[in-house]
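The residues making up each chain are set out below.
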Protein chains: 2
Amino acid sequence: MTFKKHLLFVTAILAVSAFTPPAMADGDGEIKYRKSVMSSIGGHMGSMAAILKGASANGANFAVHTQGMAELSKIAGSIFPEGSDFGETEALPAIWEKPADFAGAVKMFQGAAANLNTAAMSGDMAASGAAFGELGKACKNCHENFREKKKQ
Amino acid sequence: MTFKKHLLFVTAILAVSAFTPPAMADGDGEIKYRKSVMSSIGGHMGSMAAILKGASANGANFAVHTQGMAELSKIAGSIFPEGSDFGETEALPAIWEKPADFAGAVKMFQGAAANLNTAAMSGDMAASGAAFGELGKACKNCHENFREKKKQ
């Protein structure tokens with residue numbers, strides 16, 4: 001994780017070097033982009049979990065995470081472009097083979113993220129906890145159907 | 001990375017179990033929260049780098065990342081509470097020993113993130129690239145002075 005973060009940082013610095021020719025967008029590049037977006041999504045999920053279970057006292061930050069998650073959910077459908085199905089990815093072919101099913105799973109994620117943000121903005125932490133549970137189900141639905149099973 | 005993400009997800013699900021007593025906020029919990037926030041920050045950094053160097057064609061998503069980063073920068077100062085300086089953390093004692101210096105580094109991050117978001121909202125990708133470089137410097141400044149050096 002740590003080394004990966006360091007790599008991300010180095011990549012970021014390299015990206016703005018005036019002498020680096022622009023890379024061509026391709027499957028590998030899109031997979032890297034997707035993994036970065038997923039890092040942000042996962043980070044918000046972990047942040048909200050830490051607050052909801054009381055492991056962090058930073059409840060004042062909760063809406064930053066629900067808002068961030070809602071915004072990220074809106075671009076979730078765009079991070080699986082054609083051609084990003086090969087290489088270092090756990091994305092399953094079902095994403096591209098069953099586009100209607102996948103679109104439904106993304107919509108479920110977007111709805112759950114929007115509902116959680118609404119609950120958080122109202123300041124109702126009980127409703128937020130329930131909405132967070134629904135968001136967790138949406139994550140699980142997509143990961144179970146469209147992501148490679150984890151190896152032990 | 002993958003296993004860590006899986007853990008985050010499991011943690012998230014556990015967090016909403018009705019039978020899980022709330023954890024007490026403590027140093028370990030705050031460190032976990034901080035790492036999750038940093039994952040979101042790093043994810044946005046990687047996403048923006050992929051777009052700026054042309055590795056991803058998802059330029060339409062750029063402002064989602066600059067906005068997300070600007071919002072996350074605002075809470076950066078809150079993720080290092082007293083008592084979160086021991087345990088599984090790379091945060092250096094200087095954060096708590098030199099609070100004015102650390103506050104300055106956080107402010108530099110916040111200013112750079114806000115400037116980048118302003119540039120992105122104006123649609124000027126050249127200005128965005130330059131502002132992204134400044135943001136990278138702000139990251140580097142904080143990591144060099146307030147985070148343990150990486151081991152090879």
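Here the structure is a predicted model, which is why all the values come from computation and not from measurement.

With that out of the way, let us pick up the packing of aromatic side chains. All names here are of chain A. Across all of its chains, the model carries 6 aromatic pairs over all chains by this definition. Between F102 and F146, the aromatic rings sit 5.1 Å apart at their centres with planes inclined by 75°, giving edge-to-face as the arrangement. One end of the pair, F102, is in helix α5 (residues 99-121); the other, F146, is in helix α6 (residues 125-146), and 44 residues separate them in sequence. For F146, a relative accessible area of 8% gives the class buried. Each member of the aromatic cluster is reached from another via a ring pair, and the members are F80, W96, F102 and F146.

As a further point, take the UniProt feature "binding site: heme c" (unreviewed entry) in chain A. Residue and element names in this part refer to chain A. Per the UniProt record, the feature "binding site: heme c" (unreviewed entry) sits at C139, C142 and H143. Within the secondary structure, C139 sits in helix α6. Residue C139 is classed as buried on the basis of its relative accessible area of 9%. Take C142: it is sitting in helix α6. With relative accessibility at 17%, the residue C142 sits in the buried group. Setting aside chain neighbours within four positions, we find C142 in contact with F102, A105 and R147.

For the rest of this paragraph, the subject is the nonpolar core. Grouped together as the largest cluster of nonpolar side chains are 73 residues, with contacts concentrated most on A:L135 and B:L135. Setting aside anything within four residues of it in sequence, one finds A:L135 in contact with A:M45, A:M48, A:M69, A:F109, A:A112, A:A113 and A:L116.

Time to look at the pattern of salt bridges. All names here are of chain A. This model, assessed by the stated rule, comprises 6 salt bridges over all chains. A salt bridge links K74 to E71, with the shortest nitrogen-to-oxygen separation between them at 3.0 Å. Here E71 and K74 lie together in helix α3 (residues 62-75), a separation of 3 residues that amounts to about one turn. Judged by relative accessible area, K74 falls into the exposed class, the value being 57%.

Here we come to the side chain of B:N117. All names here are of chain B. If you trace the backbone, N117 turns up in helix α5 (residues 99-121). Overall, N117 belongs to the buried group, its relative accessible area being 12%. Polar contacts involving the side chain of N117 include one to the side chain of Q67, which spans 3.0 Å. Filtering out sequence-adjacent residues up to four positions away, N117 remains in contact with A63, T66, Q67 and A70.

This part is about the environment of A:A50. If you trace the backbone, A:A50 turns up in helix α2 (residues 27-52). A sequence separation of 12 residues divides A:A50 from A:F62, and the C-alpha atoms of the two residues are 9.9 Å apart. Setting aside residues up to four positions removed in sequence, A:A50 forms contacts with A:A55, A:S56 and B:Y33.

Residue and element names in this part refer to chain B. Between its first and last C-alpha, α5 extends 33 Å over 23 residues, near the 33 Å set by a 1.5 Å rise per residue. Looking at the buried positions of α5, the neighbouring elements they touch are α2 (27-52), α3 (62-75), α4 (94-97) and α6 (125-146). Of the residues flanking the end of α5, it is G123, one or two places downstream, whose phi is positive at about 80°.

All names here are of chain A. The topology assignment puts T89 in the loop between α3 and α4 (94-97). Classification of T89 as buried rests on a relative accessible area of 14%. Along the primary structure T89 and I31 are separated by 58 residues, whereas in three dimensions their C-alpha atoms are 6.6 Å apart. Among residues more than four places away in sequence, those in contact with T89 are I31, R34, S84 and E148. A polar contact is formed between the side chain of T89 and the side chain of R34, at a distance of 2.9 Å.

Residue and element names in this part refer to chain A. Across the interface, α5 lies against α6 with an axial gap of 8 Å and an inter-helix angle of 165°. Relative to α6, α5 is oriented roughly antiparallel. Here the hand of the crossing between α5 and α6 comes out left-handed. Seen from α5, the contacting residues are D101, F102, A105, M108, F109, A112, A113, N115, L116, A119 and A120; seen from α6, they are A127, S128, A131, F132, E134, L135, K137, A138, N141, C142 and F146. Residue classes in the contact of α5 with α6 are distributed as 16 nonpolar, 3 polar and 3 charged.

The rules behind each value
Residues numbered from 1 in each chain as written. Chains lettered and ligands numbered in written order. Predicted model: local features only at pLDDT ≥ 70, side-chain atom pairs only at ≥ 80, totals over all residues. Heavy atoms only, no water. Phe/Tyr/Trp six-rings, centres within 6.5 Å; stacked < 30°, edge-to-face > 60°. Helix = DSSP H or I, 4+ residues; strand = E, 2+ residues; numbered from the N terminus. Buried < 20%, exposed > 50% of the residue type's maximum accessible area, 1.4 Å probe, protein only. UniProt positions renumbered as here; feature names shortened; annotations may be inferred. Contact = heavy atoms within 4.5 Å. Core = buried A, V, L, I, M, F, W, Y, C linked by side-chain atoms within 4.5 Å. Salt bridge = Lys/Arg side-chain N within 4 Å of Asp/Glu carboxyl O. Polar contact = N/O pair within 3.5 Å; in protein donor to acceptor, adjacent residues only side chain to side chain. Expected span 1.5 Å × (residues − 1). Axes fitted to C-alpha atoms, helices over the stretch in contact; angles between N-to-C directions. Parallel < 35°, antiparallel > 145°, perpendicular 65-115°, else oblique. Left-handed = near helix turned anticlockwise from the far one by under 90°. Nonpolar A, V, L, I, M, F, W, Y, C, P; charged D, E, K, R; others polar.

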